[in-house]
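# Examination of the molecular architecture
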Amino acid sequence: MHRIRYIVTVGTSFTAGGGFEENSILRPIMNKWEPKPLPSSMFECSWPGQFQNLIKSDIEVINLGMPGAGYEYLIRITEDWISNNEDKLDRTLFLLETSSLGRSEFWDTELQQHIVCNWEQKGDRMKASLHSGQYWLDSPEKIAAINKKEELMSEWLTKFVGFEPFLEKAESSLFNFFCKLNYKGYKFAHYGTPFTNPIIEEDPLIKSKALYLEHKGRKYTSIHEYLDASKLTITDFTQGEAVDFHASLKGNLHIAHFYYAQLKQLYNI
(Lines give C-alpha, C1' and ligand atoms only; values in the text may rest on other atoms or scores of the structure.)
Protein backbone atom coordinates (compact mmCIF):
# COMPACT_ATOMS: atom_id res chain seq x y z
CA MET A 1 0.00 0.00 0.00
CA HIS A 2 1.27 3.45 -0.90
CA ARG A 3 1.56 5.70 2.13
CA ILE A 4 -0.84 8.60 2.41
CA ARG A 5 0.51 11.95 1.22
CA TYR A 6 -2.75 13.87 0.67
CA ILE A 7 -5.87 14.03 2.83
CA VAL A 8 -8.80 15.69 1.07
CA THR A 9 -11.72 16.77 3.25
CA VAL A 10 -15.04 17.59 1.61
CA GLY A 11 -18.12 18.66 3.53
CA THR A 12 -20.24 21.42 5.02
CA SER A 13 -19.43 24.40 7.23
CA PHE A 14 -18.49 21.97 10.02
CA THR A 15 -15.58 20.90 7.81
CA ALA A 16 -14.86 24.31 6.29
CA GLY A 17 -14.48 26.01 9.70
CA GLY A 18 -17.83 27.73 10.07
CA GLY A 19 -17.77 30.71 12.42
CA PHE A 20 -14.08 31.38 11.74
CA GLU A 21 -14.37 33.12 8.38
CA GLU A 22 -11.53 35.65 8.18
CA ASN A 23 -13.90 38.63 8.39
CA SER A 24 -16.45 37.05 10.74
CA ILE A 25 -18.01 39.38 13.32
CA LEU A 26 -17.66 36.51 15.81
CA ARG A 27 -13.86 36.51 15.75
CA PRO A 28 -13.37 39.56 18.02
CA ILE A 29 -15.81 38.07 20.53
CA MET A 30 -14.12 34.66 20.53
CA ASN A 31 -10.70 36.30 20.90
CA LYS A 32 -11.90 37.79 24.19
CA TRP A 33 -12.42 34.26 25.53
CA GLU A 34 -9.28 32.62 24.13
CA PRO A 35 -6.03 32.66 26.16
CA LYS A 36 -4.14 33.60 22.99
CA PRO A 37 -5.22 35.08 19.64
CA LEU A 38 -7.08 32.85 17.21
CA PRO A 39 -5.18 31.51 14.19
CA SER A 40 -5.55 34.00 11.38
CA SER A 41 -7.10 31.76 8.72
CA MET A 42 -10.35 29.84 8.54
CA PHE A 43 -8.41 26.70 7.61
CA GLU A 44 -6.19 26.84 10.69
CA CYS A 45 -9.26 27.11 12.93
CA SER A 46 -11.18 24.27 11.23
CA TRP A 47 -10.84 20.69 12.39
CA PRO A 48 -8.92 19.78 9.16
CA GLY A 49 -6.47 22.59 10.02
CA GLN A 50 -6.12 21.26 13.56
CA PHE A 51 -5.75 17.77 12.08
CA GLN A 52 -2.86 19.01 9.92
CA ASN A 53 -0.93 19.81 13.11
CA LEU A 54 -1.33 16.24 14.40
CA ILE A 55 -0.18 14.22 11.41
CA LYS A 56 3.18 13.62 9.78
CA SER A 57 4.72 16.72 8.24
CA ASP A 58 4.92 15.26 4.73
CA ILE A 59 1.13 14.82 4.52
CA GLU A 60 -0.89 17.71 3.13
CA VAL A 61 -4.48 18.33 4.23
CA ILE A 62 -6.61 19.91 1.51
CA ASN A 63 -9.84 21.31 2.93
CA LEU A 64 -12.61 21.58 0.32
CA GLY A 65 -15.44 22.05 2.80
CA MET A 66 -18.04 24.70 1.97
CA PRO A 67 -20.85 26.17 4.09
CA GLY A 68 -24.26 24.90 3.03
CA ALA A 69 -22.83 22.11 0.89
CA GLY A 70 -24.84 18.98 0.27
CA TYR A 71 -24.45 15.64 -1.46
CA GLU A 72 -24.31 17.13 -4.96
CA TYR A 73 -21.39 19.34 -4.00
CA LEU A 74 -19.59 16.46 -2.24
CA ILE A 75 -19.84 14.21 -5.28
CA ARG A 76 -18.93 16.93 -7.80
CA ILE A 77 -15.92 18.27 -5.91
CA THR A 78 -14.56 14.82 -5.08
CA GLU A 79 -14.90 13.71 -8.71
CA ASP A 80 -13.21 16.93 -9.85
CA TRP A 81 -10.29 16.25 -7.54
CA ILE A 82 -10.01 12.67 -8.80
CA SER A 83 -10.07 13.80 -12.45
CA ASN A 84 -7.46 16.52 -11.91
CA ASN A 85 -5.06 14.53 -9.70
CA GLU A 86 -4.75 11.10 -11.26
CA ASP A 87 -1.05 10.94 -10.33
CA LYS A 88 -1.89 11.36 -6.61
CA LEU A 89 -4.83 9.00 -6.17
CA ASP A 90 -2.87 6.05 -4.80
CA ARG A 91 -1.55 8.35 -2.05
CA THR A 92 -4.83 10.15 -1.31
CA LEU A 93 -7.31 9.65 1.52
CA PHE A 94 -10.76 11.26 1.17
CA LEU A 95 -12.65 12.26 4.31
CA LEU A 96 -16.25 12.96 3.29
CA GLU A 97 -18.93 14.62 5.41
CA THR A 98 -22.51 13.53 4.88
CA SER A 99 -24.89 16.47 5.31
CA SER A 100 -28.45 17.15 6.34
CA LEU A 101 -30.93 17.05 3.49
CA GLY A 102 -32.61 19.93 1.68
CA ARG A 103 -29.24 21.03 0.30
CA SER A 104 -28.71 21.41 -3.43
CA GLU A 105 -26.52 23.32 -5.83
CA PHE A 106 -27.46 24.96 -9.10
CA TRP A 107 -25.56 26.55 -11.95
CA ASP A 108 -26.35 30.26 -12.10
CA THR A 109 -26.21 31.23 -15.78
CA GLU A 110 -26.01 34.93 -14.93
CA LEU A 111 -23.10 34.61 -12.48
CA GLN A 112 -21.54 31.65 -14.31
CA GLN A 113 -20.94 29.67 -11.13
CA HIS A 114 -22.56 27.13 -8.86
CA ILE A 115 -24.66 28.55 -6.06
CA VAL A 116 -25.76 26.80 -2.87
CA CYS A 117 -29.46 26.25 -2.27
CA ASN A 118 -30.61 25.24 1.20
CA TRP A 119 -34.33 24.62 1.41
CA GLU A 120 -37.02 23.38 3.74
CA GLN A 121 -40.75 22.83 3.72
CA LYS A 122 -42.85 25.65 5.19
CA GLY A 123 -46.47 24.55 5.24
CA ASP A 124 -47.38 23.65 1.66
CA ARG A 125 -44.43 25.57 0.16
CA MET A 126 -40.67 25.15 -0.11
CA LYS A 127 -38.52 27.99 1.18
CA ALA A 128 -35.13 28.46 -0.46
CA SER A 129 -32.05 30.26 0.84
CA LEU A 130 -29.28 30.96 -1.69
CA HIS A 131 -25.62 31.96 -1.41
CA SER A 132 -22.37 31.57 -3.32
CA GLY A 133 -20.70 29.18 -0.88
CA GLN A 134 -18.16 31.84 0.07
CA TYR A 135 -20.57 34.62 0.93
CA TRP A 136 -18.13 36.32 3.29
CA LEU A 137 -15.97 37.18 0.27
CA ASP A 138 -18.83 38.49 -1.90
CA SER A 139 -19.58 42.10 -2.68
CA PRO A 140 -22.95 43.52 -1.53
CA GLU A 141 -23.96 43.66 -5.19
CA LYS A 142 -23.31 39.95 -5.71
CA ILE A 143 -25.14 39.02 -2.51
CA ALA A 144 -28.14 41.09 -3.62
CA ALA A 145 -28.08 39.48 -7.09
CA ILE A 146 -28.24 36.02 -5.53
CA ASN A 147 -30.81 36.89 -2.86
CA LYS A 148 -33.29 38.28 -5.37
CA LYS A 149 -33.58 34.81 -6.91
CA GLU A 150 -34.73 33.11 -3.70
CA GLU A 151 -38.44 33.60 -4.34
CA LEU A 152 -38.11 32.21 -7.88
CA MET A 153 -36.21 29.20 -6.57
CA SER A 154 -38.79 28.66 -3.81
CA GLU A 155 -41.57 28.60 -6.41
CA TRP A 156 -39.67 26.14 -8.60
CA LEU A 157 -38.93 23.80 -5.69
CA THR A 158 -42.57 23.93 -4.59
CA LYS A 159 -43.83 22.98 -8.04
CA PHE A 160 -41.27 20.44 -9.16
CA VAL A 161 -39.32 18.97 -6.21
CA GLY A 162 -40.90 16.90 -3.46
CA PHE A 163 -38.88 16.51 -0.28
CA GLU A 164 -39.37 12.75 0.08
CA PRO A 165 -38.41 11.92 -3.54
CA PHE A 166 -35.44 14.28 -3.24
CA LEU A 167 -34.31 12.60 -0.01
CA GLU A 168 -34.51 9.13 -1.53
CA LYS A 169 -32.64 10.15 -4.67
CA ALA A 170 -29.95 12.10 -2.78
CA GLU A 171 -29.12 9.29 -0.38
CA SER A 172 -29.16 6.69 -3.14
CA SER A 173 -26.78 8.83 -5.24
CA LEU A 174 -24.33 9.22 -2.38
CA PHE A 175 -24.43 5.52 -1.50
CA ASN A 176 -23.75 4.65 -5.14
CA PHE A 177 -20.86 7.13 -5.15
CA PHE A 178 -19.34 5.51 -2.06
CA CYS A 179 -19.69 2.11 -3.77
CA LYS A 180 -17.89 3.53 -6.81
CA LEU A 181 -15.03 4.86 -4.67
CA ASN A 182 -14.72 1.48 -2.99
CA TYR A 183 -14.81 -0.40 -6.30
CA LYS A 184 -12.08 1.84 -7.70
CA GLY A 185 -9.92 1.14 -4.66
CA TYR A 186 -9.81 4.75 -3.45
CA LYS A 187 -9.16 5.25 0.23
CA PHE A 188 -11.97 7.08 2.00
CA ALA A 189 -13.92 7.44 5.22
CA HIS A 190 -17.10 9.34 6.03
CA TYR A 191 -18.61 11.19 8.96
CA GLY A 192 -21.54 13.52 9.54
CA THR A 193 -25.32 13.21 9.41
CA PRO A 194 -26.46 9.56 9.39
CA PHE A 195 -28.41 8.23 6.41
CA THR A 196 -32.16 8.28 7.03
CA ASN A 197 -32.59 5.05 5.05
CA PRO A 198 -31.83 2.27 7.59
CA ILE A 199 -30.88 -0.16 4.82
CA ILE A 200 -28.11 2.17 3.67
CA GLU A 201 -27.06 3.18 7.19
CA GLU A 202 -26.61 -0.49 8.18
CA ASP A 203 -24.82 -1.48 4.97
CA PRO A 204 -21.41 -3.08 5.75
CA LEU A 205 -19.57 -0.60 3.51
CA ILE A 206 -21.15 2.40 5.23
CA LYS A 207 -20.51 1.02 8.70
CA SER A 208 -16.91 0.02 7.97
CA LYS A 209 -15.99 3.48 6.62
CA ALA A 210 -17.66 5.57 9.35
CA LEU A 211 -15.67 7.84 11.67
CA TYR A 212 -17.17 8.75 15.00
CA LEU A 213 -16.90 11.15 17.91
CA GLU A 214 -17.50 10.13 21.50
CA HIS A 215 -18.89 11.83 24.59
CA LYS A 216 -19.70 10.12 27.89
CA GLY A 217 -19.60 6.69 26.32
CA ARG A 218 -21.91 7.53 23.42
CA LYS A 219 -20.64 7.53 19.83
CA TYR A 220 -21.71 10.16 17.31
CA THR A 221 -21.17 10.32 13.56
CA SER A 222 -22.93 13.70 13.43
CA ILE A 223 -20.64 16.61 14.34
CA HIS A 224 -23.66 18.77 15.17
CA GLU A 225 -25.03 16.24 17.68
CA TYR A 226 -21.61 15.70 19.23
CA LEU A 227 -20.99 19.43 19.71
CA ASP A 228 -24.42 19.90 21.23
CA ALA A 229 -23.91 17.03 23.66
CA SER A 230 -20.34 17.98 24.64
CA LYS A 231 -21.04 21.73 24.89
CA LEU A 232 -18.19 22.56 22.51
CA THR A 233 -20.02 25.03 20.28
CA ILE A 234 -19.04 28.66 19.84
CA THR A 235 -22.17 29.59 21.79
CA ASP A 236 -21.10 27.41 24.71
CA PHE A 237 -17.50 28.64 24.64
CA THR A 238 -18.50 32.31 24.76
CA GLN A 239 -21.35 31.68 27.21
CA GLY A 240 -23.85 32.95 24.68
CA GLU A 241 -22.05 36.17 23.79
CA ALA A 242 -21.45 34.84 20.27
CA VAL A 243 -24.34 32.70 19.06
CA ASP A 244 -23.21 30.00 16.64
CA PHE A 245 -23.77 26.22 16.64
CA HIS A 246 -20.44 25.46 14.95
CA ALA A 247 -17.45 24.11 16.85
CA SER A 248 -15.33 26.39 18.98
CA LEU A 249 -11.58 26.19 18.44
CA LYS A 250 -11.44 23.67 21.30
CA GLY A 251 -14.29 21.75 19.67
CA ASN A 252 -12.44 21.51 16.36
CA LEU A 253 -9.33 20.33 18.20
CA HIS A 254 -11.35 17.57 19.90
CA ILE A 255 -12.81 16.49 16.55
CA ALA A 256 -9.34 16.40 14.99
CA HIS A 257 -8.02 14.22 17.83
CA PHE A 258 -10.89 11.73 17.55
CA TYR A 259 -10.45 11.33 13.79
CA TYR A 260 -6.67 11.19 14.09
CA ALA A 261 -6.82 8.32 16.59
CA GLN A 262 -9.01 6.26 14.24
CA LEU A 263 -7.19 7.09 11.00
CA LYS A 264 -3.75 6.55 12.51
CA GLN A 265 -4.65 2.92 13.09
CA LEU A 266 -6.10 2.49 9.59
CA TYR A 267 -3.61 4.39 7.45
CA ASN A 268 -0.47 5.05 9.54
CA ILE A 269 -0.75 8.82 9.14
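Preceding block: the structure.
Cut-offs used in this document
Residues numbered from 1 in each chain as written. Predicted model: local features only at pLDDT ≥ 70, side-chain atom pairs only at ≥ 80, totals over all residues. Heavy atoms only, no water. Helix = DSSP H or I, 4+ residues; strand = E, 2+ residues; numbered from the N terminus. Rg over C-alpha atoms; globule rule 2.2 N^0.38 Å. Buried < 20%, exposed > 50% of the residue type's maximum accessible area, 1.4 Å probe, protein only. Contact = heavy atoms within 4.5 Å. Core = buried A, V, L, I, M, F, W, Y, C linked by side-chain atoms within 4.5 Å. Pairing = 2+ DSSP bridges. Axes fitted to C-alpha atoms, helices over the stretch in contact; angles between N-to-C directions. Parallel < 35°, antiparallel > 145°, perpendicular 65-115°, else oblique. Left-handed = near helix turned anticlockwise from the far one by under 90°. Nonpolar A, V, L, I, M, F, W, Y, C, P; charged D, E, K, R; others polar. Arc of directions from axis to C-beta.

## Examining the overall build of the chain
- A tally of helices and strands in the chain yields 13 helices and nine strands.
- Here the C-alpha atoms of the chain give a radius of gyration of 19 Å, agreeing with the 18 Å that 2.2 N^0.38 yields for 269 residues.
- Across its three principal axes, the chain shows a C-alpha extent of roughly 50 × 50 × 40 Å.
- Residues counted as buried form 51% of the 269 residues belonging to the chain.
- Once local pairs closer than 6 in sequence are excluded, the contacts in the chain between residues at least 24 apart make up 65%.

## Some thoughts on the nonpolar core
- By size, the foremost hydrophobic cluster in this structure holds 42 residues, and its most contacted members are Phe 94, Leu 96 and Phe 178.
- It is helix α8 (residues 163–184) that contributes the most residues to this core, eight residues altogether.
- Ignoring sequence-local partners within four residues, the contact set of Phe 94 consists of Val 8, Thr 78, Trp 81, Ile 82, Leu 89, Tyr 186, Lys 187, Phe 188 and Ala 189.
- One finds Ile 4, Ile 55, Tyr 259 and Leu 263 within the second-largest nonpolar core, a separate group that totals 27 residues.

## Side note on the sheet that holds strand β5 (residues 113–122)
- With antiparallel pairing, the three strands of this open sheet are ordered in space as β4-β5-β6. Pairing within the sheet leaves two strands with one partner each, and these edge strands are β4 (103–108) and β6 (125–131). Each strand of the sheet is rotated relative to its neighbour by a mean of 35°, with strand direction disregarded.
- Pairing of β4 with β5, which is carried by six bridges, proceeds in the antiparallel orientation. Paired with Arg 103 across the bridge in β5 is Asn 118.
- Where α8 meets the sheet, its contacts fall on β4, β5 and β6, and the angle it forms with β5 comes to roughly 130°.

## Quick word on the packing of helix α11 (residues 223–230) against helix α13 (residues 249–267)
- Following both chains from N to C, one finds α11 and α13 inclined at 120°, their axes separated by 11 Å at the closest point. Judged on the interaxial angle alone, α13 and α11 are oblique. The two elements α11 and α13 cross, and the hand of that crossing is right-handed. Across the interface between the two elements, Ile 223, Tyr 226 and Leu 227 from α11 touch Gly 251, His 254, Ile 255, Phe 258 and Tyr 259 from α13.
- Of the residues that constitute the contact of α11 with α13, the class distribution is six nonpolar, two polar and no charged.

## Examining unusual backbone geometry
- The backbone phi angle of Lys 231 is positive, close to 60°, even though this residue is not glycine.
- Considering the arrangement of structural elements, one finds Lys 231 in the loop between α11 and α12 (234–237).
- Note on Lys 231: relative accessible area 52%, which makes it exposed.
- Its identity is not glycine, yet Asn 268 carries a phi of approximately 55°, on the positive side.
- Within the secondary structure, Asn 268 sits in the segment after α13.

## As for helix α7 (residues 150–160)
- Those residues of α7 not exposed but buried are Glu 150, Met 153, Ser 154 and Leu 157. Seen from one end, α7 has its buried residues packed into an arc of 105°, which puts them on one side. Exposed residues pointing more than 90 degrees away from the buried face of α7 are listed as Leu 152, Lys 159 and Phe 160.
- Contacts made by the buried residues of α7 are with β4, β5, β6 and α6 (140–147).

## Some remarks on the pairing of strand β3 (residues 92–98)
- In terms of burial, β3 is a largely internal element, seven of the seven residues being buried.
- Judged by which residues are buried, β3 turns out to be covered on both faces: Thr 92, Phe 94, Leu 96 and Thr 98 on one side and Leu 93, Leu 95 and Glu 97 on the other are all buried.
- Taken together, the five bridges between strand β1 (residues 6–10) and β3 define a ladder with parallel strand orientation. Bridge pairing links Thr 9 to Leu 95 in β3.
- Where β3 lies against strand β7 (residues 187–192), six bridges are found, and the strand directions are parallel. Counted as the bridge partner of Leu 95 is Ala 189 from β7.

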